[in-house]
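Architecture and fold: a report
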Amino acid sequence: MKLIKSKLMEESHMKRTLIRLSHEIIENNPDLENVALIGIRTRGEFLAKRIRSLIEDISKEKMKYGTLDVTFYRDDFKTNLGSPQVQSSEVLFSLDDINVILIDDVLYTGRTIRAAMDELFSFGRPASIQLCVLVDRGHRELPVKADFIGKNYPTSLREHIHVHVNEVDNEDAVLLMEYGEDE
Amino acid sequence: MGSLSRKHFLGLKETPADDIKKIIDTGFMFREVLDRPVKKVPSLTGMNIVNLFFENSTRTRMSFELAEKRLSADVINFSASSSSLKKGETLKDTVQNIHAMKMDAVVMRHSAPGSILQLTKFVDAIVINAGDGTHEHPTQAMLDMMSIHEKFGKLKGIKVAIVGDICHSRVALSNIYGLITMGAEVTLCGPPHLLPVGIEELGVNISYNIDEVIEWADVLNILRIQRERMGIGIIPSVREYRSSFGITQERINQHQKEIVIMHPGPMNRGVEIDSTIADGEQAIILDQVLNGVAVRMSILYLLLSQGEEKEA
Amino acid sequence: MKKEFQMNGKWLLANGNIYNPFLDETQQGSILLEDGIVKYLGKDNNIPKDANVIDCDSKMITVGFMDLHAHFREPGREDKETLETGSLAALAGGFTKVCVMPNTNPPLDSPESIRFIVEKASNLPIDIYPIGAITNGQKGQNLSEISEMINAGAVAISDDGVPVKNGQILRYALEYSKMCGITVINHSEDEDIRADGVMNESSMSTNLGLPGNPDYAESVMIFRDLSIAEFVDGKIHIPHVSTAKSVEVIKYFKDKGVNVTAEVSPHHLGLTENRLSEFDTNAKVAPPLRSEKDRLALIQGLKDGIIDCVATDHAPHTIEEKEADFIQAPFGMIGLESAFGITHTVMTNNGASTEDVVRWLTDAPMKIMNFKLKAFETGKKADITIIDPQEKWIFSKEHVHSRSKNSPMYNMEFTGRVITTISGNIGFGEIISS
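Residue indices follow the written sequence of each chain, beginning from 1 at its first position. Chains carry letters and ligands carry numbers; both start at the beginning, A for chains and 1 for ligands, and go up in the order they are written. For a predicted model such as this one, the threshold for reporting local features is a pLDDT of at least 70, and the threshold for listing and counting side-chain atom pairs is 80 or more; totals across whole chains, interfaces and linings nevertheless cover every residue. Note that water and hydrogens are dropped before the side-chain values are worked out from all heavy atoms of the structure.

Another point: the overall build of chain C. Each helix and strand counted, chain C has 14 helices and 19 strands in total. By the compact-globule yardstick of 22 Å for 434 residues, chain C fits well, its C-alpha radius of gyration being 21 Å. On the principal axes, the C-alpha backbone points of chain C span a range of 65 × 50 × 45 Å. Summary of the burial criterion: residues with accessible area below 20% of their type's maximum are buried, those above 50% are exposed, and those between are partly exposed, where the area comes from a 1.4 Å probe applied to protein chains only. In chain C, which comprises 434 residues, the share counted as buried stands at 63%. The long-range share in chain C, meaning contacts at least 24 apart out of those at least 6 apart in sequence, stands at 76%. Method for areas: the Shrake-Rupley scheme with a 1.4 Å probe, in which residue coverage is limited to the protein chains shown. As displayed, chain C offers around 15,600 Å² of accessible surface, 46% of which is attributable to carbon and sulfur atoms. Asp and Glu are treated as the negative residues and Lys and Arg as the positive ones, with His and the ends of the chain left uncounted. For this purpose, a charge sits on NZ of Lys, CZ of Arg, CG of Asp or CD of Glu. Taking the 42 positively charged and 61 negatively charged side chains of chain C as two groups, their mean positions are separated by 3 Å. Helix numbers and strand numbers start at the N terminus; a helix is a DSSP run of H or I with at least 4 residues, a strand a run of E with at least 2. This radius of gyration counts C-alpha atoms alone. The globule rule is 2.2 Å times how many residues there are, raised to the power 0.38. Here a residue-residue contact requires only that any non-hydrogen atoms of the pair lie within 4.5 Å.

On to the side chain of His71 of chain C. All names here are of chain C. Assignment of secondary structure puts His71 in the loop between β7 (65-70) and α1 (83-92). For His71, the side chain forms a polar contact with the side chain of His69, separated by 3.4 Å. Here a polar contact is taken to be a pair of N or O atoms separated by no more than 3.5 Å, where protein atoms must pair a possible hydrogen donor with a possible acceptor and residues adjacent in sequence count only if both atoms sit in side chains. A polar contact is formed between the side chain of His71 and the side chain of Asp313, at a distance of 3.1 Å.

Take the interface of chain C and chain B next. The interface is formed by 17 residues belonging to chain C together with 22 residues belonging to chain B. Summed over both partners, buried area is the accessible surface (1.4 Å probe) that two parts give up on being assembled. Buried area between chain C and chain B, summed over both chains or domains, comes out near 1,500 Å², and the portion from carbon and sulfur atoms is 56%. The largest per-residue losses of area from chain C upon contact with chain B belong to Thr206, Asn207 and Glu323 of chain C, which jointly make up 38% of the total buried on that side. One can count six residue pairs in polar contact (both at pLDDT 80 or more) joining chain C with chain B. With four residues, helix α6 (residues 203-208) of chain C is the largest single contributor of residues to the side of chain C that touches chain B.

This part covers the pairing of strand β3 (residues 105-110) of chain B. All names here are of chain B. Buried residues dominate β3, accounting for six of its six residues. Side-chain alternation along β3 places Ala105, Val107 and Arg109 on one buried face and Val106, Met108 and His110 on a second face that is also buried. For the handedness criterion, the β-α-β arrangement of β3, helix α4 (residues 115-122) and strand β4 (residues 126-132) is classed as right-handed. For a crossover, the right-handed case is the one in which the path from the first strand over the helix to the second runs clockwise, viewed with the strands pointing away from the viewer.

Attention now moves to the nonpolar core. As used in this record, nonpolar core signifies buried Ala, Val, Leu, Ile, Met, Phe, Trp, Tyr and Cys residues forming a set joined through side-chain atoms within 4.5 Å. Judged by nonpolar contacts, the single largest core of 93 residues is most densely connected at Ile128, Leu226, Ile238, Leu269 and Met347 of chain C. Setting aside chain neighbours within four positions, we find Leu269 of chain C in contact with Val264, Arg295, Leu298, Ile299, Leu302, Val310, Thr343, Val346 and Met347 of chain C. With 87 residues, the next largest nonpolar core counts Phe53, Val107, Met142 and Ile176 of chain B among its residues.

So, about the sheet that holds strand β14 (residues 236-238) of chain C. Residue and element names in this part refer to chain C. The pairing criterion is simple: DSSP has to find at least two bridges between the two strands. With parallel pairing, the eight strands of this open sheet are ordered in space as β7-β8-β9-β10-β11-β14-β15-β16. Pairing within the sheet leaves two strands with one partner each, and these edge strands are β7 and β16 (309-310). Relative to strand β15 (residues 260-264), β14 runs parallel, the two being bridged by three bridges. Within β15, the residue paired with Ile238 across the bridge is Ala262. Along the sheet, helix α7 (residues 216-232) makes contact with β14 and β15, crossing β14 at roughly 165°. Where helices are involved, their axes are fitted lines through C-alpha atoms of the stretch in contact, as for all axes, and angles between N-to-C directions lie from 0 to 180°.

Moving on to the packing of α7 of chain C against helix α8 (residues 244-255) of chain C. Residue and element names in this part refer to chain C. Axis separation between α7 and α8 bottoms out at 8 Å; the angle between their running directions is 15°. Considering their axes alone, α7 and α8 lie roughly parallel with respect to each other. Remark: the crossing between α7 and α8 carries right-handed chirality. Here Glu218, Ser219, Ile222, Phe223, Leu226, Ser227 and Glu230 of α7 come into contact with α8, specifically with Lys245, Ser246, Val249, Ile250, Tyr252 and Phe253. Comment on the angle field: the value is read as roughly parallel under 35 degrees, roughly antiparallel over 145, roughly perpendicular from 65 to 115, and oblique elsewhere. Each crossing is labelled by how the near helix is turned from the far one, with a counterclockwise turn of less than a right angle marking it left-handed and a clockwise turn marking it right-handed.

Salt bridge, as applied in this entry: a Lys or Arg side-chain nitrogen positioned within 4 Å of an Asp or Glu carboxyl oxygen. One pass over the structure, following the stated rule, counts 49 salt bridges over all chains. Arg269 of chain B is paired through a salt bridge with Asp279 of chain B; the nearest N and O atoms lie 3.0 Å apart. Here Asp279 of chain B lies in the loop between α10 (275-278) and α11 (285-304) and Arg269 of chain B lies in the loop between β9 (260-262) and α10, a separation of 10 residues in the sequence. Given a relative accessible area of 54%, Asp279 of chain B falls into the exposed group. Several salt bridges converge on common partners, so that one network encompasses Lys5, Arg158, Glu159 and Glu178 of chain A.

Our focus in this paragraph is the packing of aromatic side chains. Each pair of aromatic rings taken from Phe, Tyr and Trp, with Trp reduced to its six-membered ring, is defined by centres within 6.5 Å and is described as stacked if the planes are under 30 degrees apart, edge-to-face if over 60, and tilted in the remaining cases. With the rule as written, the count across this model stands at 17 aromatic pairs over all chains. Seen in terms of ring centroids, Phe5 of chain C and Trp11 of chain C are 5.7 Å apart; in terms of plane orientation they differ by 40°. Their pairing is tilted. Note on accessibility: Phe5 of chain C and Trp11 of chain C belong to one class, buried. Between the aromatic rings of Phe395 of chain C and Tyr410 of chain C, the centroid separation amounts to 5.5 Å while the plane-to-plane angle is 15°, which identifies the pairing as stacked. One end of the pair, Phe395 of chain C, is in the loop between β17 (383-394) and β18 (413-423); the other, Tyr410 of chain C, is in the loop between β17 and β18, with 15 residues separating them in the sequence. Given the relative accessible area of 1%, Phe395 of chain C is considered buried. For Tyr410 of chain C, a relative accessible area of 17% gives the class buried. Through pairs of rings, three or more aromatic residues link up here, namely Trp393, Phe395, Tyr410 and Phe414 of chain C. The aromatic ring of Phe64 of chain B is capped on one face by Arg296 of chain B, whose charged end is 4.9 Å from the ring centroid. Consider the ring centre and the ring normal. A charge sits over the ring if Lys NZ or Arg CZ is within 6 Å of that centre and within 35 degrees of that normal.

So, on to the sheet that holds strand β7 (residues 205-207) of chain B. Residues and elements named next belong to chain B. Spatially, β7-β6-β5-β8-β9 is the arrangement adopted by the five strands of the open sheet, whose pairing is parallel. The open sheet has two free edges, formed respectively by β7 and β9, since each of these has just one partner strand. Direction aside, neighbouring strands of the sheet carry axes that sit 25° apart on average. In this structure, strand β5 (residues 159-163) lies alongside strand β6 (residues 185-189), joined through five bridges in parallel fashion. Along β6, the bridge assignment pairs Val160 with Val186.

Attention now goes to helix α6 (residues 172-181) of chain B. Burial of α6 of chain B is extensive: eight of the 10 residues sit out of reach of the surface. Considered for burial, the residues of α6 of chain B that qualify are Ala172, Leu173, Ser174, Asn175, Ile176, Tyr177, Gly178 and Leu179 of chain B. Residues of α6 of chain B that are buried make contact with α1 (17-34), α5 (138-152), β5, β6 and β8 (219-222) of chain B together with α6 of chain C. Just past α6 of chain B, the residue Gly183 of chain B takes up positive phi, approximately 85°.

Residue and element names in this part refer to chain B. Given the number of residues in a helix, its expected span is that number minus one, multiplied by 1.5 Å. Over its 13 residues, helix α2 (residues 58-70) runs 18 Å from end to end, which matches the ideal 18 Å to within 8%, given 1.5 Å per residue. Within the sequence span of α2, burial applies to Thr60, Ser63, Phe64, Glu65, Ala67 and Glu68. Close packing links the buried residues of α2 with β1 (48-53), β2 (74-79), β3, β4, α5 and α11. Directly beyond the C-terminal end of α2, a positive phi value near 70° is found at Ser72.

Moving on: the arrangement of the chains. Counting contacts across all two pairs of chains found in contact, the highest total belongs to chains A and B. There is a clear gap between chain A and chain C: no contact, and 30 Å between their nearest C-alpha atoms.

All names here are of chain B. Counting through the fold element by element, Ser174 comes out in helix α6. Under the relative-accessibility criterion, Ser174 is labelled buried at 0%. Spatially, the C-alpha atoms of Ser174 and Gln226 are 19 Å apart, while their sequence positions differ by 52 residues. If sequence neighbours within four positions are ignored, Ser174 has contacts with Leu12, Glu136, His137, Pro138 and Ala141.

Cis geometry is adopted by the peptide bond preceding Pro266 of chain B, which originates at Gly265 of chain B and carries an omega value of -10°. You can see Pro266 of chain B is positioned in the loop between β9 and α10. Pro75 of chain C follows Glu74 of chain C through a cis peptide bond whose omega is 5°. Mapped onto the secondary structure, Pro75 of chain C falls in the loop between β7 and α1. Residue Gln256 of chain B is not a glycine yet carries a positive backbone phi of 45°. For Asp313 of chain C, which is not a glycine, the phi torsion comes out positive at approximately 55°. Tracing the backbone shows Asp313 of chain C in the loop between β16 and α11 (319-322).

Treat this as a map of the structure, not an account of what it does.
Encoded structure:
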């Protein structure tokens, strides 16, 4: 049983957070021409799309943009994969000497980010990789640290954070979930 | 268990449509990987796969090997010519030896129908059929179906003609099983004595008139005619075969229609197919080769992935 | 588990249904044996005090079976079977008389090789009758020393395993063997039509991708052979008939009065090509298992007398050979131990009686070989098989006494079982004496 414990962020809150993250990215990357925004499927893709249009509105520059599906790169597929709903990665340009901003919804163990960084190298040799997440819930298992964080929410291991986006879930929200005893 | 409904991949006779669909869908994901500068993913890191080829098939072996390497698996190749098989070692001995090396998967090519089923009784590893004689060659059929799907966006209702020597073909039966399962329409066209007894019971049409078949078909899958069969009483001559069943430029010109040309290779240019057709715009023969790697990656990936889905 | 046991002294087979297949007569009663000799048959209940008793209540006591067609592999392939291990398999199946085919290594194509078998078999508990080769080395070219082989103890001639391809040679064999009064047995198969076929040609072979052997590969050869036999008025026997077409051809010639007899194997009565769906090499046999239509025609043909008898075609092969792939694995299956069970089950389900089944295994094959048809003669050696026609049993490896285990019939349920086989003072079975 999964129970919704509380709503950590609702639509307007999420919107404000994304605007702030966009400004931070611009501030840290004066040379936007050499920046690519890469969203990690599934939710990270949609967050990345919004950040892209926010940055383009603010800076009036056209941003390079791509998506990654890290399924083939996961280190845990032996135990962690029932029936994979794999989608293709779309990075239609070389990443050689590009400053990549990886965008995902929740930063947790760091394994997804590790897989995503590995996969990035199959598209070229980026100049740098920065990480942008909407929520950091802690419990890292790898030395991964985000450069841009929407919100830190320390959680217990029994808790989970689900980011909902309108495109998939028909609402924009960040939910704190808790697993029931039968799990 | 992997992500397919069965542990092994032995044939398409009993493979459900859901599995075929999943293999093709995942195959397209790997097609994208194959377009990257670095055409390799770490999915099967640490997995050991042996390619057991008891009969020569350079193309199939290369395709499997490439697929395995692009999934980062560790690969061993074993072929009959380099083995003790000719010294009277039985299939069981050879296989048990290899089994003792703790392989995760065995890909086998063998001339005897049913040998792949025997293999499953000798080893615990996941078994993949790379062709068991004139029985099944399911990965070839999967790449053929993926190529058709790529062209038409679907398989259901697509009219596929398989042309040539069905009797001795290593790929016809799996293609028939798979295409029928996926709702395609299949017509077999070839010399009557090279169509096996009772094949129509599988739900295919039979025709001996290649021009009618070209008129009907969306896809022509042209089988290799082995030159060894010519002039030993089975096929009268190249000339006669070409005039009755050859896919010649002249014949295709006459029909003035869009038709997709496929061939599992290796081709006898100038016998069952003209060079200009094989290299022409309608041919997807080289796409088939690329899809072969992708679909084999897909099958290996889906079979070797296992366990319950957990929250990420 | 059955085993061999000594029957010295007095043994009473008590209160059974004593069936004489040669007269087709049953009487209630007991048989007394002393040191392997029949002493008494009748209703008298005066049991000698010192007799062992085998209770035969509701059992059938009949004559030991005869098999016209077995391969005991000696000489040459003693790793598959020997005359001795073959004898145990025979006894386990109720057989006391077995004809062994000459396709050994070297083949039985000379009086010396026939004598080898006769001498080697003389100490064995069953009677073994060698069949000599028609041609030297079974090569189909030169007639072997047929008359000399008959004098040495051969009971018929056959190149079994390979057909006599040259019709002229078969004609000579049929004509020449007339002077010996024996039967010529020709493996009826056109090898060119069979080609590389390993199973019945049908939609099943198409599904399995296996090269097919069509039914007419057999029936055209039978037609040729019987046409020759008709012309020369020879005596011919058709082994292991497997197709409906063959039954038609044999009927055609029998109706014309040609001196032809035919046998069917238990596996062709009981199994079909569907057994091959998992590529079980133990079900790979020559001639191949056929369609259900063929199977039903064979059952009907046997009932109608077009096919005369049942013969096992017991063909032992090693596990190693049968573990090869389907193309490489040898043809053949063992059959002596399962023969009565499967034949009785199939034929009684199709309207035949236990007595019919017994006649197909005794009276009919003995007639074909011109044997004396006498049962339970007092003062003569005991030759007896005791059957429980009702018993249901599951055939398994523990029932097999052959050196080889290549049977596709394990786990099949049969109705009717051979309880004990008696040949002289040797018994074989579970001892149920009191």
